[in-house]
Amino acid sequence: MDNYQTKQLELTKKIEEGFKKGESLSTTVEPVSDYINDNRICITSVVFIPQNLEKRIIENVINPLRKINPIQYFYIPDSFHITINNIRKIENPPLFNNQDVEKARKVFRRVISKYRPFVFEIKRLFELPTSLAISAFSDETLGNLALELREELKKAGVPDNKTYANENTVIGSTTISRFTNSSNPCFKEKVKELKEIDVGSFEVKKISLITTNAVCYPSKTKIIEEYLLMPDKQ
């Protein structure tokens, strides 16, 4: 791990320990019984996980956990993603309008094209009170990009309304399950067994500005616009 990835790991562990102590260090999604038909909508920017890594996550993590506790909601293909930067967290009715969307589009067009592709390493389960994710480690490109987006969105009048554990270090993760009830002891034991899972890595070349619900369910997801990162000169 490089220095930035080490900071990401330390922050991830701090968030996990904080929630175990009852401290809310960052914004979480309130659970519902039916995530598929959840009409709470957000506007956010994401990177979708490649299909080969989705398949590994389903086979090596989700299937073993679903076998133990099938009542939890588990993500399906084409919904796995890593958030780059939130704009408006989920709510019904949505906390944004068409004017906010247009402001966000202008910011993303201006900012993202300045950044070069970077790599996410998908590994280590990330435990939160109402969900389970896999961490996505990167170099400081993610932090620089996300922090510039936050600053420019704020200037444009559409500030990110999430709370973060650390305003300087940006962590990534792909959520794989949202809980509908308390996890049982066997589920927790399996999570512990799979804790240091290493799924693989991929290069980020494109970022999507979307509206979606809490589980990025395909029928609830709308791609507003997509942005290519600046390729390296040959």
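Values in this document were obtained by computation on a predicted structure and should not be read as measured data.

J.: Hey, could you run me through the sheet that holds strand β3 (residues 81–91) in this one?
T.: The strands making up a sheet are joined through hydrogen bonds of the backbone, oriented either antiparallel or parallel. Taken together, four strands build an open sheet; the order of strands is β3-β1-β8-β9 and the sheet is antiparallel. The sheet is open, and its two edges are formed by β3 and β9 (222–228), each paired on a single side. Going from strand to strand, the sheet's axes swing by 15 degrees on average, the running direction of each strand aside. As defined by bridge partners, strand β8 (residues 206–212) adjoins β9 across six bridges and the pair is classed as antiparallel. When the sheet's bridge partners are listed, Ile207 is paired in β9 with Tyr227. Its contacts with the sheet put helix α3 (residues 98–112) on β1 (41–48), β3, β8 and β9, and the angle it makes with β9 is roughly 20 degrees. Contacts between helix α4 (residues 141–156) and the sheet are confined to β3 and β8, with β3 contributing the most and set at about 25 degrees to the helix.

J.: Teacher, can you tell me more about α3 here?
T.: Structural remark: α-helix, 3.6 residues per turn; residues separated by three or four positions point the same way. Taking 1.5 Å as the rise per residue, α3 with 15 residues should run 21 Å; its terminal C-alpha atoms sit 21 Å apart, in good agreement. Buried residues of α3: Asp100, Val101, Ala104, Arg105, Val107, Phe108, Val111 and Ile112, and no others. Buried positions along α3 lie against β1, β3, α4, β8 and β9. Its side-chain oxygen at 3.1 Å from the backbone nitrogen of Gln99, Asn97 defines the N-terminal cap of α3.

J.: How should I be thinking about the packing of aromatic side chains in this particular structure?
T.: Note on aromatic pairs: each is described by the distance of the centres and the angle between the planes. Under the definition given, this model contains seven aromatic pairs. Taken together, a centroid distance of 6.1 Å and an interplanar angle of 45 degrees make the contact between Tyr75 and Phe80 tilted. Assessed through its relative accessible area of 0%, Phe80 is described here as buried. Each member of the aromatic cluster is reached from another via a ring pair, and the members are Tyr35, Tyr73, Tyr75 and Phe80. Sitting above the plane of the Tyr164 ring, Arg150 keeps its charged end 3.8 Å from the centroid.

J.: What is the right way to read α4 from this model?
T.: Taking 1.5 Å as the rise per residue, α4 with 16 residues should run 22 Å; its terminal C-alpha atoms sit 22 Å apart, in good agreement. Where α4 is concerned, the buried positions are Thr141, Leu142, Gly143, Leu145, Ala146, Glu148, Leu149, Arg150, Glu152 and Leu153. Positive backbone phi, approximately 95 degrees, marks Gly157, located one or two places after α4.

Rules used in this analysis
- Residues numbered from 1 in each chain as written.
- Predicted model: local features only at pLDDT ≥ 70, side-chain atom pairs only at ≥ 80, totals over all residues.
- Heavy atoms only, no water.
- Pairing = 2+ DSSP bridges.
- Helix = DSSP H or I, 4+ residues; strand = E, 2+ residues; numbered from the N terminus.
- Axes fitted to C-alpha atoms, helices over the stretch in contact; angles between N-to-C directions.
- Contact = heavy atoms within 4.5 Å.
- Expected span 1.5 Å × (residues − 1).
- Buried < 20%, exposed > 50% of the residue type's maximum accessible area, 1.4 Å probe, protein only.
- Polar contact = N/O pair within 3.5 Å; in protein donor to acceptor, adjacent residues only side chain to side chain.
- Phe/Tyr/Trp six-rings, centres within 6.5 Å; stacked < 30°, edge-to-face > 60°.
- Lys NZ or Arg CZ within 6 Å of the ring centre and 35° of its normal.

Fair warning: the whole summary comes from geometry, so function is off the table for now.
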